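Summary of the model geometry
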Amino acid sequence: MTMRERLAWIAATGLGALLATVAAGAATRADEVQRARAARADVEHGAQLFTGCVACHGSDGAGEPNGTVPRIAAQHASVLIKEISDFRRRRRWDLRMEQVAGGHRLGSAQDVADVAAYVASLDVELQPAIGDGLYLQRGASAYLRVCSGCHGASGQGDAAALVPRLAGQHAPYLWRQMQESATNGRPNMKASHVEALRT
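Rules used in this analysis
- Position labels on residues start from 1 in each chain and follow its written sequence.
- Reporting of local features is limited, given that this is a predicted model, to residues whose pLDDT is at least 70; pairs of side-chain atoms are given and counted only at 80 or more, and all residues count toward the totals for whole chains, interfaces and linings.
- Only hydrogens and water are set aside; all other atoms, that is, all heavy atoms of the structure, feed into the side-chain values.
- A run of H or I in DSSP counts as a helix once it spans at least four residues, and a run of E counts as a strand once it spans at least two, with each numbered from the N terminus.
- When accessible area is computed with a 1.4 Å probe and restricted to protein chains, residues below 20% of their type maximum are described as buried, those above 50% as exposed, and intermediate ones as partly exposed.
- For this analysis, residues touch if any pair of their heavy atoms sits within 4.5 Å.
- Here the term cavity refers to a set of points on a 1 Å grid, laid over the protein atoms alone, in which a 1.4 Å probe fits but cannot get out; the term pocket refers to an open set having protein on both sides within 12 Å along at least five of seven lines, with lining residues being those that place an atom within 4 Å of a point.
- Grid points are joined across faces, edges and corners, and a volume is the space filled by probe spheres set on the points.
- Three residue categories are used. Nonpolar comprises Ala, Val, Leu, Ile, Met, Phe, Trp, Tyr, Cys and Pro, charged comprises Asp, Glu, Lys and Arg, and polar comprises the others, including Gly.
- Any carboxyl oxygen of Asp or Glu within 4 Å of a side-chain nitrogen of Lys or Arg constitutes a salt bridge here.
- For the purposes of this section, nonpolar cores are sets of buried Ala, Val, Leu, Ile, Met, Phe, Trp, Tyr and Cys residues that join through side-chain atoms within 4.5 Å.
- What pLDDT reports is the predictor's confidence in each residue, on a scale of 0 through 100.
- Stacked, tilted and edge-to-face pairs are distinguished by plane angle, under 30 degrees for stacked and over 60 for edge-to-face with tilted covering the rest, among Phe, Tyr and Trp rings (Trp via its six-membered ring) whose centres lie within 6.5 Å.

**Some remarks on the overall build of the protein chain**
Assigned secondary structure in the protein chain consists of eleven helices and zero strands. In the protein chain, which comprises 199 residues, the share counted as buried stands at 32%. Here the contacts in the protein chain between residues at least 6 apart in sequence split such that 66% fall between residues at least 24 apart.

If you want it as structure tokens, here you go:
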């Protein structure tokens, strides 16, 4: 088969479109996160993009108290950028998020920056679902010993280090994420984080 015949075959079979898609997605997650973090965010555009998120997260970003959808309001924009990128690149798994975060909804790093900035601007005072308090003291002790070094003593996270704010998150969601992480259900978790959750 000549080169011309190969090119004609690729075009005829649609393989060319597949190869173009693979090449377009070749940028690493780190590159995408870096570009989005460096972008000058347009919060108004982010609000328009967020309309695609409202069905699950709610117009106020409050999520679901039962833990099926996280509260994202007032999360650090840098963390939201990283998580969206992880869903886009299958480093986090949730069919709903993979569809919404995919290129057809958020087509560029700029779009990701814009929607993240809008979500970060939402009300931080929303009341989260809390647990029954049965193991509150034990949980506080474990958190201060194992988690506070990164997430902070009050759970405020670290925007620069891409560490999420945990304060104000729904307790059932946190519980579910800890379980998924400990059983390797979140491939974007560092091994040291997974090990800490298992002990």
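Structure shown, so let's carry the discussion forward.
**Digging into empty space enclosed by the protein**
Taken as a whole and assessed by the stated rule, the structure comprises one cavity of 30 Å³ or more. Considered as a void within the structure, the largest cavity measures approximately 50 Å³ in volume. If you trace the largest cavity, you find it lined by Arg71, Ile72, Ala73, Ala74, Gln75, Arg165, Ala167, Gly168 and Gln169. Taken together, the residues of the lining of the largest cavity break down into four nonpolar, three polar and two charged.

**A look at the pattern of salt bridges**
In the structure shown here, the tally under the stated rule is ten salt bridges. Here Arg96 and Asp94 are joined by a salt bridge, their closest N and O atoms 3.0 Å apart. One salt bridge in this structure joins Arg176 and Glu180, with 3.1 Å as the shortest N-O distance. Here Glu180 and Arg176 lie together in helix H10 (residues 171–182), a separation of four residues that amounts to about one turn. One salt-bridge network, held together by shared partners, links Lys82, Glu83, Asp86, Arg91, Arg92 and Arg186.

**Things to note about the environment of Leu122**
If you trace the backbone, Leu122 turns up in the loop between helix H8 (109–120) and helix H9 (136–151). On the accessibility criterion, Leu122 (13% relative accessible area) is buried. Sequence spacing of Leu122 and Gly61 is 61 residues, and the spatial spacing of their C-alpha atoms is 7.1 Å. Those residues in contact with Leu122 that lie beyond four places of it in its chain are Phe50, Asp60, Gly61, Ala73 and Ala74.

**Considerations on the nonpolar core**
Counting residues in hydrophobic clusters, the biggest one holds 23 residues, and the most contacted among them are Ala36, Phe50, Ile81, Ile84, Leu106, Val112 and Val115. For this core, the secondary structure elements donating two or more residues are helix H3 (29–38), helix H4 (43–50), helix H6 (77–88) and H8. Looking at this core, the element that brings in the most residues is H8, giving seven residues. Excluding anything up to four places from it in sequence, Leu106 contacts Leu49, Ile84, Arg88, Val100, Ala101, Asp111, Val112 and Val115.

**Observations regarding the confidence of the model for the protein chain**
For the protein chain, mean pLDDT is 87; residues scoring 70 or higher make up 85% of the total. Within the protein chain, H4 carries the highest mean pLDDT (97), whereas helix H2 (residues 15–24) carries the lowest (45).

**Regarding the packing of aromatic side chains**
Per the counting criterion, the structure on display carries one aromatic pair. Relative to Tyr118, the ring of Phe50 has its centre 5.4 Å away and its plane inclined at 50°; by these criteria the two rings are tilted. Of the two residues, Phe50 sits in helix H4 while Tyr118 sits in helix H8, which places them 68 residues apart along the sequence.

**Things to note about unusual backbone geometry**
With phi around 60°, Leu162 is a residue other than glycine that occupies positive phi space. Mapped onto the elements, Leu162 comes out in the loop between H9 and H10. In this structure, Asn184 takes a positive phi of about 60° despite not being glycine. Counting through the fold element by element, Asn184 comes out in the loop between H10 and helix H11 (191–198). With a relative accessible area of 48%, Asn184 lands in the partly exposed category.

**Quick look at the environment of His45**
By the element assignment, His45 lies in helix H4. His45 sits in the partly exposed class, given a relative accessible area of 25%. Along the primary structure His45 and Asp111 are separated by 66 residues, whereas in three dimensions their C-alpha atoms are 8.0 Å apart. Not counting residues within four places of it along the chain, the set of residues in contact with His45 comprises Asp111 and Asp114.

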